[in-house]
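The residues making up each chain are set out below.
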Amino acid sequence: MEIQYVYTKKRSEFGRQCNFSDRPAELHVDIAPNPSIAQEYIERNPVDIGIQCVQEMSEHEINTERFETGSRGINHTEGGWPKDVNPAEVEQVSRYRKKVEKDEMYINTIQQLGSIMESRIKQNNAIDIYEEYFEDIEGDLVDETPSAKTINVFRDPNEIKRTATHMSWFPDGPKKLAVAYCNLEFQGSTPDTSMESYIWDVENPNKPEMVLKPVSPLVCLEYNPKDSHILLGGCYNGQIAYWDTRKGSQPVEISPIEQSHRDPAYKTIWIQSKTGTECFSASSDGQVLWWDIRKMGEPTEKLYLDPTKKQDPTKAMGAMSLEYEPTMPTKFMVGCEQGTIMSCNRKAKTPAEKIVAQYNGHLGPVYSLQRNPFFPKNFLSVGDWKARIWSEDIRESSIMWTKQYQSYLTDGCWSPVRPSVFFITKMDGTLDVWDIIFKQNDPTLSLQVCDEPLHSIRVQEQGRLVSCGSHSGTTTLLELSDSLYSLQRNEKNLVTAMFERETRREKILDARHREMKLKERSKSSADKDKDEGENKGEGEEFNEEDLYTKAEKEFYKIIEEEKKLHERRQATKDDMDKGDKGKQSPIQEEEGEEKANGQPVSFIRKERLVYLT
């Protein structure tokens with residue numbers, strides 16, 4: 001049976017809109033239920049009915065642009081020769097090639113590979129895989145306010161709380177976080193204090209995914225970047241141990257106590273090597289030891305951090321932080337307890353050449369040291385109440401530094417995705433995020449993470465997640481806003497220009513300081529020679545403190561001149577607002593005199609003010 005509905009409408013009403021109105025419901029048909037049919041009803045559960053809600057297309061076509069093929073050459077090198085064949089010898093190569101060509105499977109293999117290679121060549125000729133489709137389209141700038149939110153909190157499951165001293169992210173994505181727990185206070189641990197450290201699942205803060213059981217509390221813990229199952233740890237008693245998560249909670253191997261550090265091993269780092277088993281460690285006993293986890297019986301190499309470069313163990317400085325850049329495999333840097341940063345070369349021929357340079361800039365231990373991931377010549381150091389950015393070319397002073405904090409700084413690191421962003425943790429429980437392109441005097445974001453001191457920080461490789469460890473073992477996981485981990489337009493060039501400008505400025509100031517020092521010395525020696533006959537032994541000797549006092553006076557004199565100049569300009573502006581525009585201001589008269597003399601002093605003062613601020 002086919003049901004049809006016919007609608008009629010006047011031709012004059014075509015094209016008009018439909019006018020609807022409300023009216024009560026009307027009952028058209030009332031069909032009573034049939035009891036006999038109801039008895040035969042069978043319920044089906046579940047019932048699946050497919051419904052297509054989109055318009056069906058019977059035919060679709062599109063015009064594509066014609067492609068142009070291009071011929072390109074490739075470099076071909078032969079390899080995979082047996083050990084007994086020297087590729088440099090033509091006779092040996094030709095003899096081996098003839099031997100292979102006589103093989104029965106050779107022709108079949110070449111034919112099979114040839115058909116595959118031919119299709120790939122045709123595909124490469126048809127499609128340019130290196131074509132940029134959106135070269136003329138600029139990306140949208142992120143203009144949102146910098147912010148961060150707490151995602152998870154991982155607490156020390158033990159009753160006696162310990163400090164979260166170090167953290168390491170899982171190398172294959174933000175899935176896991178390894179946290180080392182240790183009480184660093186001298187004789188502050190009781191016999192009941194746990195020595196365990198944990199690996200946490202980022203999405204499960206209730207229970208750790210795995211427990212690590214060292215022989216002594218772990219001060220640091222580091223994933224192997226080449227093998228995500230292996231972790232390296234430095235213990236409070238100075239021993240070095242490594243774990244394989246596939247083999248359980250106990251360490252696979254641990255260094256002997258007599259061959260290890262005599263103080264806590266504050267930092268361990270994996271070395272970029274072919275085997276992926278080499279590492280090195282640093283401790284406050286003044287030693288840097290190199291290890292191979294395949295043979296942990298003794299260190300493969302040893303270095304004493306002696307500033308006199310004589311490798312004297314009695315004069316070695318204690319190490320608190322390490323820095324290693326895989327692109328510079330023989331170089332590394334050490335932050336010492338005395339505030340000195342040492343740049344070292346592992347492969348130096350003599351012991352004196354192993355310590356290449358020293359940078360003095362902190363009043364206390366250097367708790368963190370890291371090179372900029374985009375500009376390895378510039379590195380960040382965190383200690384006392386300031387964080388400093390250095391250039392390898394300048395040893396006398398850092399090129400940039402933060403303001404003087406009220407709270408002591410505990411740790412810091414660069415953002416792995418943005419060259420201008422770095423993070424600082426403090427004793428008052430706050431995390432400061434600095435963006436030196438946006439602001440140089442104050443942090444871009446200051447976040448109160450907790451009410452107790454923060455001791456460690458680690459940023460995940462993608463730059464979006466930040467973990468902070470506190471004094472009582474609470475690890476807070478934060479997610480940053482897009483503006484803090486999205487690379488801004490022209491950011492690399494701006495940071496390059498900033499670092500070069502500040503480096504050049506420090507070189508000029510250093511040269512000026514040496515020149516003033518030399519003049520004072522020559523003047524002092526001349527006065528001493530002049531008065532030697534009359535007042536022998538009473539000649540004025542050069543004193544470096546007098547030089548600094550003189551420089552300080554000159555500095556404040558310039559500041560006073562700038563303040564007076566600013567006040568006079570402000571007074572002139574007020575007079576102009578009152579309507580006294582016909583009278584020439586004192587500052588205008590002064591600038592007119594300067595222009596008349598051909599010396600634009602106002603411009604010089606303005607530029608000097610920029611440097612001072």
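Counting starts from 1 at the beginning of each chain's written sequence and moves along it residue by residue. The model is predicted, so local features are restricted to residues of pLDDT at least 70 and side-chain atom pairs to those at 80 or more, both for listing and for counting; the totals for chains, interfaces and linings are taken over all residues. Heavy atoms from the whole structure form the basis of all side-chain values; hydrogens and water molecules are not counted.

*Asks:* I'd love a proper account of the overall build of the protein chain, names of residues and values included.
*Replies:* Going along the chain from the N terminus, every DSSP run of H or I of four or more residues is numbered as a helix, and every run of E of two or more is numbered as a strand. Helices and strands together make up the secondary structure of the protein chain, namely eight helices and 28 strands. Buried means the residue's accessible area, taken with a 1.4 Å probe over protein chains only, is under 20% of the maximum for its type, while exposed means over 50%, and partly exposed covers the values in between. Each of the 613 residues in the protein chain was classed as buried or not, and the buried ones make up 36%. Nonlocal contacts in the protein chain, meaning residues at least 24 apart in sequence, comprise 50% of its contacts between residues at least 6 apart. Computed by Shrake-Rupley with a 1.4 Å probe, the accessible areas treat only the displayed protein chains as cover when residues are assessed. Accessible surface for the protein chain amounts to roughly 40700 Å². Of this, 49% is attributable to carbon and sulfur atoms. The contact criterion used is simple: two residues touch if any of their non-hydrogen atoms lie within 4.5 Å.

*Asks:* Describe the side chain of Thr410, and please don't skip the residues or the numbers.
*Replies:* Relative to the helices and strands, Thr410 resides in strand S22 (residues 409-414). Pairs of N or O atoms are called polar contacts if they sit within 3.5 Å, as long as, within protein, a hydrogen donor faces a hydrogen acceptor (for residues adjacent in sequence, only side-chain-to-side-chain pairs). At a separation of 2.8 Å, a polar atom in the side chain of Thr410 contacts the side chain of Thr425. At a separation of 2.6 Å, a polar atom in the side chain of Thr410 contacts the main-chain carbonyl oxygen of Leu454. Non-local contacts of Thr410, meaning those with residues more than four positions away in its chain, are made with Tyr367, Thr425, Lys426, Met427, Leu454 and His455.

*Asks:* I'd like to hear about the side chain of Ser283, residue by residue, with values.
*Replies:* Here Ser283 lies in strand S11 (residues 278-283). For Ser283, the side chain forms a polar contact with the main-chain oxygen of Asp263, separated by 3.1 Å. Residues within four places of Ser283 in sequence aside, it is in contact with His261, Asp263, Pro264, Ala265, Tyr266, Gly318 and Ala319.

*Asks:* Tell me about the environment of Ser470, and name the residues and values.
*Replies:* Tracing the backbone shows Ser470 in strand S27 (residues 465-470). Those residues in contact with Ser470 that lie beyond four places of it in its chain are Thr163, Ala164, Cys450, Glu452, Pro453, Leu454 and His455.

*Asks:* Before we move on, can you summarise a negative patch on the surface with the specific residues and values?
*Replies:* Taken together, the side chains of Glu65, Glu131, Glu132, Glu135 and Asp136 define an acidic patch exposed on the protein surface. Assignment of secondary structure puts Asp136 in the loop between helix H3 (104-126) and strand S1 (148-154). Every patch collects residues that have over 30% relative accessible area and no salt bridge, joining them within 9 Å if they carry like charges and within 5 Å if they are nonpolar side chains (Val, Leu, Ile, Met, Phe, Trp, Tyr). The working definition used for a salt bridge is a side-chain nitrogen of Lys or Arg within 4 Å of a carboxyl oxygen of Asp or Glu. His is not counted, nor are the chain ends, whereas Lys and Arg count as positive and Asp and Glu as negative. Taken as the charge centre is NZ of Lys, CZ of Arg, CG of Asp or CD of Glu, depending on the residue.

*Asks:* With reference to specific residues and values, describe the packing of aromatic side chains.
*Replies:* Two rings belonging to Phe, Tyr or Trp (six-membered ring only in the last case) form a pair when the distance between their centres is within 6.5 Å. Interplanar angles under 30 degrees mark stacking, angles over 60 mark edge-to-face geometry, and anything in between is tilted. Tallied over the full model, the rule gives 17 aromatic pairs. Ring centres 5.4 Å apart and planes at 40° place the aromatic pair Phe154 and Trp200 in the tilted group. Of the two residues, Phe154 is situated in strand S1 and Trp200 in strand S4 (residues 197-201); the sequence distance between them amounts to 46 residues. For the pair formed by Phe154 and Trp200, the shared burial category is buried. Each ring, one from Phe280 and one from Tyr324, has its centre 5.8 Å from the other, and the planes form 75°; the classification is edge-to-face. Residue Phe280 is located in strand S11, and its partner Tyr324 is located in the loop between strand S14 (319-323) and strand S15 (331-336); the two are separated by 44 residues in the primary sequence. For Phe280, a relative accessible area of 1% gives the class buried. Classification of Tyr324 as buried rests on a relative accessible area of 11%. To sit over a ring, a charge needs its Lys NZ or Arg CZ within 6 Å of the ring centre and within 35 degrees of the ring normal. It is Lys176 that lies over the ring of Phe170; its NZ or CZ is 4.9 Å from the centre.

*Asks:* Lay out the state of the cysteines in plain terms, naming residues and giving numbers.
*Replies:* When two cysteine sulfur atoms are found within 2.5 Å, that pair is recorded as a disulfide. By the definition in use, this model includes zero disulfides. Not part of a disulfide, Cys450 finds its nearest cysteine sulfur in Cys468, a span of 8.2 Å. According to the relative accessible area criterion, Cys450 is buried, its value standing at 17%.

*Asks:* Help me get a handle on the environment of Asn206, residues and values and all.
*Replies:* Within the fold, Asn206 resides in the loop between S4 and strand S5 (210-212). By relative accessible area, Asn206 is classed as exposed at 72%. Separated by 49 residues in sequence, Asn206 and Pro157 place their C-alpha atoms 8.9 Å apart.

*Asks:* Give a description of the pairing of strand S24 (residues 430-435) that names residues and reports values.
*Replies:* Of all the six residues making up S24, six are buried; the element is thus mostly covered by neighbouring parts of the structure. Here S24 shows a buried face lined by Thr430, Asp432 and Trp434 and a second buried face lined by Leu431, Val433 and Asp435. Between strand S23 (residues 421-426) and S24, which pair antiparallel in sequence order, lie three residues; one of them, Gly429, sits at a positive phi of approximately 85°. Strands are labelled as partners when DSSP assigns at least two bridges between them. Where S24 and strand S25 (residues 445-448) come together, four bridges link them in antiparallel fashion. Looking at S25, one finds that Asp432 is bridged to Ser446.

*Asks:* Lay out unusual backbone geometry in plain terms, naming residues and giving numbers.
*Replies:* The phi torsion at Lys309 lies on the positive side, around 65°, for a residue other than glycine. Here Lys309 lies in the loop between strand S13 (301-304) and S14. The partly exposed category is assigned to Lys309, whose relative accessible area is 31%. Located in the positive-phi region is Asn490, a residue other than glycine, with phi close to 60°. Structurally, the position occupied by Asn490 is in the loop between helix H4 (482-485) and helix H5 (491-530).

*Asks:* I'd like to hear about the environment of Trp243, residue by residue, with values.
*Replies:* Within the secondary structure layout, Trp243 lies in strand S8 (residues 240-244). Accessibility expressed as a relative area gives 0% for Trp243, which makes it buried. C-alpha of Trp243 to C-alpha of Gly233: the two residues are ten residues apart in sequence and 8.2 Å apart in space. A polar contact is formed between the side chain of Trp243 and the backbone oxygen of Ser249, at a distance of 2.8 Å.

*Asks:* How would you sum up the sheet that holds S25? Please name residues and give values.
*Replies:* Pairing in this open sheet of four strands is antiparallel, and the strands run S22-S23-S24-S25 from one edge to the other. For this open sheet the edge positions go to S22 and S25, each flanked by a neighbour on one side alone. Looking at each pair of strands side by side, their axes are set apart by 15° on average, direction ignored. In this structure, S23 lies alongside S24, joined through five bridges in antiparallel fashion. Each residue of the ladder has a partner; that of Phe422, found in S24, is Trp434. Comment: axis = line fitted to C-alpha atoms, over the contacting stretch for helices; angle = value between 0 and 180 degrees taken between N-to-C directions.

*Asks:* Outline the sheet that holds strand S16 (residues 340-345), supporting the account with residue identities and numerical values.
*Replies:* Here four strands make up an open sheet; going across it, the order is S14-S15-S16-S17 and the pairing antiparallel. With partners counted over all chains shown, the strands left at the sheet margins are S14 and strand S17 (355-360), one partner each. Recorded for the sheet is a direction-independent mean angle of 20° between the axes of neighbouring strands.

*Asks:* How would you summarise a nonpolar patch on the surface if you had to cite specific residues and measurements?
*Replies:* Residues Ile3, Tyr5 and Tyr7 make up a contiguous nonpolar surface patch of roughly 480 Å² in combined accessible area. Assignment of secondary structure puts Ile3 in the segment before helix H1 (35-39).

*Asks:* Run through the pattern of salt bridges, naming residues and quoting values.
*Replies:* Under the definition given, this model contains 27 salt bridges. For Glu26, the salt bridge goes to Arg23, with nearest N and O atoms at 3.8 Å. Between Glu301 and Arg346 there is a salt bridge, with its nearest N and O atoms 3.0 Å apart. Placement of the pair is Glu301 in strand S13 and Arg346 in the loop between S16 and S17, with a sequence separation of 45 residues. A relative accessible area of 21% places Glu301 in the partly exposed class. Among the ionic contacts, a cluster of salt bridges with common partners joins Arg501, Glu502, Arg505 and Glu506.

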